[in-house]
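Structural overview
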Amino acid sequence: MTEISFYFNVPNREHALCQLVSKALAKRLGINILTDSQAATAALDGLLWEVPQTGFLPHCAADAAIVADTPIVLDYRPELLPARPLLFNWTNGLPPGFERYQRVIEVVSIDEEARTLARERWKAYVAQGFKPTSFDMMDRA
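Along each chain, residue indices are assigned from 1 in the same order as the chain's sequence is written. Local features in this predicted model are restricted to residues of pLDDT 70 or higher, and side-chain atom pairs are both shown and tallied only at a pLDDT of 80 or more, whereas totals for entire chains, interfaces and linings draw on every residue. Note: side-chain values were computed over all heavy atoms of the structure, leaving out hydrogens and water.

The name an unreviewed UniProt entry assigns to the chain is DNA polymerase III subunit chi, from the organism Iodobacter arcticus.

Moving on, we come to empty space enclosed by the protein. Throughout, the protein atoms alone are placed on a 1 Å grid, and a set of points is a cavity if a 1.4 Å probe fits but cannot get out or a pocket if it is open with protein on both sides within 12 Å along at least five of seven lines; lining residues have an atom within 4 Å of a point. Grid points are joined across faces, edges and corners, and a volume is the space filled by probe spheres set on the points. One pass over the structure, following the stated rule, counts 1 cavity of 30 Å³ or more. Computed from the structure, the largest cavity encloses a volume of approximately 30 Å³. Taken together, Leu 34, Pro 78, Leu 81, Leu 87, Pro 95, Pro 96, Arg 100 and Tyr 101 make up the full set of residues lining the largest cavity. Residues are sorted three ways: Asp, Glu, Lys and Arg are charged, Ala, Val, Leu, Ile, Met, Phe, Trp, Tyr, Cys and Pro are nonpolar, and all the rest, Gly among them, are polar. Looking at the lining of the largest cavity residue by residue, the classes come out as 7 nonpolar, no polar and 1 charged.

Here, strands pair whenever DSSP counts at least two bridges between them. In this text, helices come from DSSP runs of H or I with a minimum length of four residues, and strands from runs of E with a minimum of two, each type numbered from the N-terminal end. Pairing is parallel in the open sheet, where 7 strands are placed in the order 3-4-2-5-6-1-7. Looking at the sheet topology across the chains shown, the edges are occupied by strand 3 (59-60) and strand 7 (133-136). Two elements, strand 1 (residues 3-10) and strand 6 (residues 103-109), share 6 bridges in a ladder whose sense is parallel. When the sheet's bridge partners are listed, Glu 3 is paired in strand 6 with Arg 103. Any two residues whose heavy atoms approach within 4.5 Å are treated as being in contact. Axis lines are fitted to C-alpha atoms, over the contacting stretch for helices. Their N-to-C directions set the angle, which ranges from 0 to 180 degrees. Packed onto the sheet, helix 1 (residues 13-26) meets strand 1, strand 2 (31-35), strand 4 (72-75), strand 5 (86-90) and strand 6 and runs at close to 175° relative to strand 5. Packing of helix 3 (residues 112-127) onto the sheet brings it into contact with strand 1, strand 5, strand 6 and strand 7, and relative to strand 6 it is tilted by some 155°.

Because an α-helix packs 3.6 residues into every turn, residues spaced three or four apart end up facing the same way. For a helix, the expected span equals 1.5 Å multiplied by the number of residues minus one. Taking 1.5 Å of rise per residue, the 13 residues of helix 2 (residues 38-50) would be expected to cover 18 Å, and the 19 Å separating its terminal C-alpha atoms lies within 8% of that figure. Buried, partly exposed and exposed residues are distinguished by accessible area as a fraction of the type maximum, computed with a 1.4 Å probe on protein chains only: under 20%, between the cut-offs, and over 50%, respectively. All of the buried residues in helix 2 are Ala 40, Thr 41, Leu 44, Leu 47 and Leu 48. Seen along its axis, helix 2 keeps its buried residues to an arc of 125°; they face one direction. Across from the buried face of helix 2, at angles greater than 90 degrees, the exposed residues are Gln 38, Ala 39, Ala 43 and Glu 50. Contact partners of the buried residues in helix 2: helix 1, strand 2, strand 3, strand 4 and strand 5. In this context, the arc is that of the directions from the helix axis out to the C-beta atoms.

As structure tokens, this is what we get:
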């Protein structure tokens with residue numbers, strides 16, 4: 001069954017994403033990042049080229065010729081994402097086909113609207129028989 005993890009109370013969502021992706025990359029996991037739009041994909045694309053400061057997080061779009069050789073796939077089109085063990089959900093809804101992943105990670109900022117949307121996703125996962133876990137990032141600061 002898919003393991004679903006919510007990282008709550010994240011002061012800087014983009015920074016937390018880069019940290020979590022870096023950790024997964026160090027474990028040599030195949031990673032997909034699903035966004036909700038082409039604009040969001042472009043914004044994260046730029047960020048992944050800049051962070052960490054000593055390098056970058058190797059990534060490409062789902063329709064790139066190098067997708068099989070690239071550890072991180074970043075796209076807004078869920079139907080194009082290749083089979084990978086890990087999905088970072090960068091959308092406000094349940095990612096289509098999330099149950100095919102070993103793990104889904106949700107990164108939730110301290111913004112009240114983001115928290116409300118995350119609570120709705122949590123309830124939707126539970127309604128489908130999943131048991132998400134949560135990590136309060138304020139406790140880790």
